[in-house]
Amino acid sequence: MIKRFFSTRPTMVKKALVFLAEGAEEMETVITVDTLRRAGVEVTLAGLAGDQQVICSRNVKINPDVALDSVKSDNFDAVILPGGLKGAEACALSPLVGEILHRHYEGSKLVAAICAGPTALFAHRLAFGKRITSYPAFKEKLGANYVYNEDRVVQDGNLVTSQGPGTSFEFALKIVEYLEGAQKAQSLIEPMRLKF
């Protein structure tokens, strides 16, 4: 009886928010969203400018699930900034993005950023002094306020950063590992035919 009670208890589904702005890097966005959904994470792709179609950095068009404004008060287990210079700049200039990032980071939720995404962390003065990485061109800009690391993916507490399109799978799997555990992340590698 006790065993049956514990085995039928519902598990809490982890939730992640991915910011989507005009000029976002499409590989970093889609690979992250897809990998997290494969892991059973409930992902919300939120458009900064509303719920209309977004043109990404290589002219790929992506439809957000919702407008960011409609989920601004929701709580997530992770909030994620894809790269793409123009997309990262839009996130850096958005007070709403800054408020969401700070609320989640200070609430010990995961904040993750890839490629140019860490420049938005810098713009919102988030997690200064932490170890990070980014697209190499941003090393000088970020190095004065962070402990810059050249690893492909860097985790420092509840902050995960990565370098670019080619590190997107590693970035996404690190987020899965943080949210769902190493075993879950490992279980995705073979079905996706990844090699590390």
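The notes below deal with the structure included here.

Reading guide: rules and limits
- Residues numbered from 1 in each chain as written.
- Predicted model: local features only at pLDDT ≥ 70, side-chain atom pairs only at ≥ 80, totals over all residues.
- Heavy atoms only, no water.
- Helix = DSSP H or I, 4+ residues; strand = E, 2+ residues; numbered from the N terminus.
- Buried < 20%, exposed > 50% of the residue type's maximum accessible area, 1.4 Å probe, protein only.
- Contact = heavy atoms within 4.5 Å.
- Areas by Shrake-Rupley, 256 points an atom, 1.4 Å probe, with all protein chains shown as cover.
- Expected span 1.5 Å × (residues − 1).
- Polar contact = N/O pair within 3.5 Å; in protein donor to acceptor, adjacent residues only side chain to side chain.
- Axes fitted to C-alpha atoms, helices over the stretch in contact; angles between N-to-C directions.
- Nonpolar A, V, L, I, M, F, W, Y, C, P; charged D, E, K, R; others polar.
- Pairing = 2+ DSSP bridges.
- Phe/Tyr/Trp six-rings, centres within 6.5 Å; stacked < 30°, edge-to-face > 60°.
- Lys NZ or Arg CZ within 6 Å of the ring centre and 35° of its normal.

Examining the overall build of the protein chain
Secondary structure assignment for the protein chain yields 8 helices and 11 strands. Taken along the three principal axes of its C-alpha coordinates, the protein chain extends 60 × 35 × 35 Å. The buried share of the protein chain, reckoned over its 196 residues, is 49%. Partitioning the contacts of the protein chain with sequence separation of at least 6, the portion at a separation of at least 24 is 63%. Counting only carbon and sulfur atoms, one obtains 52% of the accessible surface of the protein chain, whose full area is about 9900 Å².

Side note on helix α2 (residues 26-38)
Taking 1.5 Å of rise per residue, 13 residues should cover 18 Å, and α2 covers 18 Å from first to last C-alpha, within 8% of that figure. The opening residue of α2 is E25, an N-cap whose side-chain oxygen sits 2.8 Å from the backbone nitrogen of M27. Of the residues flanking the end of α2, it is G40, one or two places downstream, whose phi is positive at about 90°.

Regarding the environment of K72
If you trace the backbone, K72 turns up in the loop between β5 (66-67) and β6 (78-81). Judged by relative accessible area, K72 falls into the partly exposed class, the value being 36%. In this structure, the C-alpha to C-alpha distance between K72 and I100, residues 28 residues apart in sequence, is 6.9 Å. Within the structure, the side chain of K72 is placed 3.3 Å from the side chain of D69, a separation counted as a polar contact.

Observations concerning the packing of helix α7 (residues 168-180) against helix α8 (residues 182-189)
Across the interface, α7 lies against α8 with an axial gap of 6 Å and an inter-helix angle of 145°. Here L173, V176, E177 and E180 of α7 come into contact with α8, specifically with A182, K184, A185, L188 and I189. Class assignment for the residues of the contact of α7 with α8 results in 6 nonpolar, no polar and 3 charged.

Here's the deal with the pairing of strand β11 (residues 159-162)
Neither face of β11 is exposed, since L159 and T161 on one face and V160 and S162 on the opposite face are all buried. Of the strand pairs in this sheet, strand β7 (residues 110-114) and β11 are connected by 4 bridges, and their pairing is parallel. Its bridge partner lying in β11, V111 is registered against L159. Direction of pairing for strand β10 (residues 153-156) relative to β11: antiparallel, over a ladder of 4 bridges. Each residue of the ladder has a partner; that of D156, found in β11, is L159. Counted along the chain from β10 to the antiparallel partner β11, the turn is 2 residues long, and its residue G157 has a positive phi close to 65°.

A short note on the pairing of β6
Burial along β6 is two-sided: A78 and I80 facing one way and V79 and L81 facing the other are all buried. Note: strand β1 (residues 15-20) against β6, 3 bridges, orientation parallel. When the bridges of β6 are listed, A16 appears paired with A78. Pairing of β6 with β7 involves 4 bridges; the strand directions are parallel. In the sheet register, A78 faces β7, and the bridge partner there is L110.

Here we look at the side chain of T133
By secondary structure assignment, the location of T133 is in the loop between β8 (131-132) and α6 (139-143). The class of T133 is buried, set by a relative accessible area of 0%. Residues within four places of T133 in sequence aside, it is in contact with P118, Y148, N149, E150, D151, R152, V154, T161, S162 and Q163.

Remarks on the packing of aromatic side chains
Here the structure, examined in full by the defined rule, presents 3 aromatic pairs. Three or more aromatic residues joined by ring pairs make a cluster, and in this case those are F122, F128 and Y146. Here the basic side chain of K15 rests over the ring of F76, its NZ or CZ set 5.5 Å away from the ring centre.

Here we look at the sheet that holds β10
The sheet built from 7 strands is open, its strands ordered β5-β2-β1-β6-β7-β11-β10 with mixed pairing. Single-partner strands in this sheet number two, and they are β5 and β10.

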